[in-house]
Amino acid sequence: MMTIPSGTALITGASTGLGAVYADRLAKRGHDLILVARNGAQMEELAAKLRAEHGIAVDVIAADLTRSDDVMRIEQRLIDDAAITLFVNNAGMSLNGGTLENSAAEIQTIIALNITAAARLAIAAGKAFAARGRGAIANIASVLALAPETFEGVYSGSKAFLLNLSLSLANSVRDRGVLVQAVLPGATRTEIWERSGKDIDAFPAEMVMDAGDLVDAALLGLDRGEEVTIPPLADEAQWDAYHAARLAMGPGLSRREVGARYRVREGV
């Protein structure tokens, strides 16, 4: 089992939900924290509590990560602050209603947060950590990356993007002392549901995970050096088989000739 590098953890979406739970758990481990979210007052309350309970340093940065200039500020902090050894890429949102029920502005906003900001910050952290020769990145994706038919497509698509980015980034920095982990939660009891007009209690109780249990499992996966952690999946062999089948297709995905099944005309 590896140990997450000691030092400072920067957490986005840190005012509530999974981000706030990550802050609590990492504070208990002795990490100093940089909390990033739009709600500065809520983060200040959390920061005061964590400072008092654990004697750690907590910096609060109020930022709207749908804004490019605010993303740039966090990118620069990741690059400049050599004390940062863990980046929890957690900020995200869901749409209210289905894919066809949202405006262009709403689609643009979710893409700005879930894809553009998440990618920029993960890449900035990857570059900074690789240059320093240590660090870990936890990208909070979703099991919907593997099940796009079951939910609104832009949200699930954004999480598939983050999974793909994580796997690619992990391959780039694995040998440079940096761990990249994609965390794939299932339905988890956080404020994201209410914000997007959905009722988490409409799900069967056995499908909904407590946020604390989710983060504890994700951190254990990070401790173990997992590049993909799926806390609700009991049978790890299912992911291993899925991943192996995907890799097995690799040699056949780009060829000069089309597959034989496309060279036979119907009725001939």
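Everything that follows concerns the structure shown earlier in this document.
This report concerns the structure included in the present document. None of the values given here were measured: they were computed from a predicted structure. Going along each chain's sequence as written, the residues are numbered from 1 onward. Whole-chain, interface and lining totals are the exception, using all residues; otherwise, since this is a predicted model, local features are given only for residues with pLDDT of at least 70 and side-chain atom pairs are given and counted only at 80 or more. Only hydrogens and water are set aside; all other atoms, that is, all heavy atoms of the structure, feed into the side-chain values.

It is worth spelling out the packing of aromatic side chains at this point. Working definition: an aromatic ring pair is given by the centre-to-centre distance plus the angle between the planes. Stacked, edge-to-face and tilted labels apply to pairs of Phe, Tyr and Trp rings (six-membered ring for Trp) whose centres lie within 6.5 Å, assigned for plane angles under 30 degrees, over 60, and everything in between, in that order. The final tally for this structure, using the stated rule, is 2 aromatic pairs. With a centroid separation of 5.8 Å and an interplanar angle of 70°, the aromatic rings of F151 and Y155 are classed as edge-to-face. Burial classification: accessible surface area is computed with a 1.4 Å probe over protein chains only, and a residue below 20% of its type maximum counts as buried, one above 50% as exposed, and the rest as partly exposed. You can call F151 partly exposed: its relative accessible area is 23%. Under the relative-accessibility criterion, Y155 is labelled buried at 11%.

Another point: the pattern of salt bridges. We define a salt bridge as a contact between a side-chain nitrogen of Lys or Arg and a carboxyl oxygen of Asp or Glu at a distance within 4 Å. Summed over the entire model, instances satisfying the criterion amount to 12 salt bridges. The closest approach of N and O atoms between K28 and D24, which form a salt bridge, is 3.3 Å. In this pair, K28 and D24 are both assigned in helix α1 (residues 17-28), 4 residues apart and thus about one turn of the helix distant. Overall, the relative accessible area of 53% leaves K28 in the exposed class. Among the salt bridges present, the one from R29 reaches D223, with a minimum N-O distance of 2.8 Å. Of this pair, R29 sits in the loop between α1 and β2 (32-37) while D223 sits in helix α7 (residues 211-223), and the two are 194 residues apart along the sequence. Helix numbers and strand numbers start at the N terminus; a helix is a DSSP run of H or I with at least 4 residues, a strand a run of E with at least 2.

Turning next to the side chain of S15. Tracing the backbone shows S15 in the loop between β1 (8-12) and α1. Since its relative accessible area comes to 14%, S15 is described here as buried. Sequence-distant contacts of S15, defined by excluding residues within four places in its chain, comprise A20, A37, N39, Q42 and M43. In this analysis, two residues are considered to be in contact whenever any of their non-hydrogen atoms come within 4.5 Å of each other.

As a further point, take helix α8 (residues 236-249). By this rule the span expected of a helix is its residue count minus one, scaled by 1.5 Å. In a regular helix each residue adds 1.5 Å, so 14 residues correspond to 20 Å; α8 covers 21 Å between its end C-alpha atoms and thus fits that length. Sitting at the amino-terminal end of α8 is D235, which places a side-chain oxygen 3.0 Å from the backbone nitrogen of A237. The definition of a polar contact used here is a pair of N or O atoms within 3.5 Å, where within protein one atom must be able to donate a hydrogen and the other to accept one, and adjacent residues in sequence count solely through side-chain atom pairs.

This part is about the pairing of strand β4 (residues 84-89). Within β4, 6 of the 6 residues are buried, which leaves it mostly tucked inside the rest of the structure. Paired strands, as defined in this entry, are two strands with at least two bridges between them according to DSSP. Where β1 lies against β4, 4 bridges are found, and the strand directions are parallel. Of the residues in β4, the one forming a bridge with I11 is V88. Pairing analysis gives 4 bridges linking β4 to strand β5 (residues 135-140), with the strands arranged parallel. Of the residues in β5, the one forming a bridge with F87 is I137. Taking the sense of rotation as the criterion, the β-α-β connection linking β4, helix α4 (residues 104-132) and β5 turns out right-handed. Here the term right-handed applies to a crossover when the path leading from its first strand over the helix to its second strand runs clockwise, the strands being oriented away from the viewer.

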